[in-house]
Amino acid sequence: MPSAPKQRTLLALLLLNANHEVSVAQCARELGDGASKNCSVSTVHTHILQLRKALGPAAGRLRTTGAGPDAGYLFSTEPGELDLDRFDELVAVARIRRADGKLGDAAEAITEALDLWRTEALVDVKTGPGAQRTLVGLRSKRMEAVVLCADLALRLGRHRQVLGKLTALVHRHPAEERLTACLMTALYRSGRQADALAVYHRFLAVAETGSRALSELQTAILLADPVLEGPAVAPAGLAADLITAG
């Protein structure tokens, strides 16, 4: 992994677009200061040359495409080689297993997927506008996985075990409707009806719009609707806290 900041910025952009061409113009925008202008084409070429040297044996993966104004770069990777590939695969497996009613297998898959997120993506790289746009999509993917994990925890009767993690997640994402619903359900199943209703009102205070789903959940909580009850006994042999990231 290169240590020079500009090389790391370029490599991040190329890996986020692995097996797809990134134009010189995109690279110039990525390396610019973000306030006034892009860097020059010659500067891009210089940083690419330095990046190839830093990559050593892996430099053959970085190819130049096109020529002149249509020139660009492409970094090739194999299927499943990137953490993101493995993450997407595991999330897909978890969804299939959940649909098939294999909740334990689904929980194992989604937990493994979230374990790949050791911290925020590219936290130690200065990213430009191109990478930042891609990171927004990655954060959305991660949130989808966290919500899936929370849903599985509730389906498996692990509401008490994940209550603390859910509370922290909703504190960080107060307008996330699906996590709020999971927390309200977990609180209700833990005998904390008033706290579940308080979470709903906090959501209304920060959300730009109301939520029909949460409104219906609030009504169900007020009525102590039996549909909210989870499994009587949580299956044995599962991790105490399925939600490992977020």
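Predicted model, so just to flag it, every value in this text is computed and none were measured.

J.: Describe the sheet that holds strand β3 (residues 72–75), and please don't skip the residues or the numbers.
T.: The sheet built from three strands is open, its strands ordered β1-β3-β2 with antiparallel pairing. Either end of the sheet is taken by a strand with one partner, and the two such strands are β1 (22–23) and β2 (62–65). Note: β1 against β3, two bridges, orientation antiparallel. Of the residues in β3, the one forming a bridge with V22 is Y73. Those strands touched by helix α3 (residues 41–55) are β2 and β3, and its axis lies near 150 degrees from that of β2.

J.: Run through the nonpolar core, naming residues and quoting values.
T.: Nonpolar side chains in soluble globular proteins generally cluster together in the buried interior. Core analysis: the biggest nonpolar cluster contains 48 residues, and F87, I110, L166, L179, L183, M184 and I221 have the highest contact counts within it. Within the residue set of this core, elements represented by two or more residues are α4 (83–99), α5 (103–115), α6 (129–155), α7 (159–172), α8 (177–189), α9 (193–206) and α10 (212–222). Per-element tally for this core: the top contributor is α6, with twelve residues. The next biggest cluster of nonpolar side chains, apart from the first, holds 19 residues, and it includes L13, A28, C39 and L62.

J.: Hey, could you go over the packing of aromatic side chains for me, with residue numbers and the actual values?
T.: On inspection of all chains with the given rule, the structure shows one aromatic pair. Measuring from ring centre to ring centre gives 5.7 Å for F87 and W117, while their planes differ by 80 degrees; the resulting arrangement is edge-to-face. Here the residue F87 occupies a position in helix α4, and W117 occupies one in the loop between α5 and α6, the gap between them amounting to 30 residues. On the accessibility criterion, F87 (3% relative accessible area) is buried. Take W117: its relative accessible area is 13%, and that puts it in the buried class.

J.: I'd like a rundown of the packing of α9 against α10, residues and numbers included.
T.: Contact pair α9 / α10: the axes reach a minimum separation of 10 Å and the direction vectors enclose 160 degrees. When the axis of α9 is compared with that of α10, the two are roughly antiparallel. Classified by chirality, the crossing of α10 by α9 is left-handed. Contact with α9, carried on its side by Q193, A196, L197, Y200, H201 and F203, involves L214, S215, Q218, I221 and L222 of α10 and no other residues of that element. For the contact of α9 with α10, a count of residues per class yields seven nonpolar, four polar and no charged.

J.: Could you give an account of the pattern of salt bridges, naming the residues involved and the relevant values?
T.: If you walk through the whole model with that rule in mind, you get eleven salt bridges. Notably, a salt bridge pairs R95 with E144, separated by 3.9 Å at the nearest N-O pair. Of the two residues, R95 is situated in helix α4 and E144 in helix α6; the sequence distance between them amounts to 49 residues. Accessibility expressed as a relative area gives 30% for E144, which makes it partly exposed. Between R178 and E176 there is a salt bridge, and its shortest N-O distance comes to 2.9 Å. R178 gets classed as partly exposed once you look at its relative accessible area, which sits at 33%.

J.: Mind laying out the pairing of β3, listing which residues take part and the relevant values?
T.: Alternating positions in β3 separate into two faces, G72 and L74 on one and Y73 and F75 on the other, with burial throughout. Two strands pair when backbone bridges link them, and β2 and β3 are joined in this way by four bridges, in the antiparallel orientation. Looking at β3, one finds that L62 is bridged to F75. Hairpin connection between β2 and β3: a loop of six residues separates the two successive antiparallel strands, and G66 in this loop has a positive phi of roughly 65 degrees.

Cut-offs applied
- Residues numbered from 1 in each chain as written.
- Predicted model: local features only at pLDDT ≥ 70, side-chain atom pairs only at ≥ 80, totals over all residues.
- Heavy atoms only, no water.
- Pairing = 2+ DSSP bridges.
- Helix = DSSP H or I, 4+ residues; strand = E, 2+ residues; numbered from the N terminus.
- Contact = heavy atoms within 4.5 Å.
- Axes fitted to C-alpha atoms, helices over the stretch in contact; angles between N-to-C directions.
- Core = buried A, V, L, I, M, F, W, Y, C linked by side-chain atoms within 4.5 Å.
- Buried < 20%, exposed > 50% of the residue type's maximum accessible area, 1.4 Å probe, protein only.
- Phe/Tyr/Trp six-rings, centres within 6.5 Å; stacked < 30°, edge-to-face > 60°.
- Parallel < 35°, antiparallel > 145°, perpendicular 65-115°, else oblique.
- Left-handed = near helix turned anticlockwise from the far one by under 90°.
- Nonpolar A, V, L, I, M, F, W, Y, C, P; charged D, E, K, R; others polar.
- Salt bridge = Lys/Arg side-chain N within 4 Å of Asp/Glu carboxyl O.

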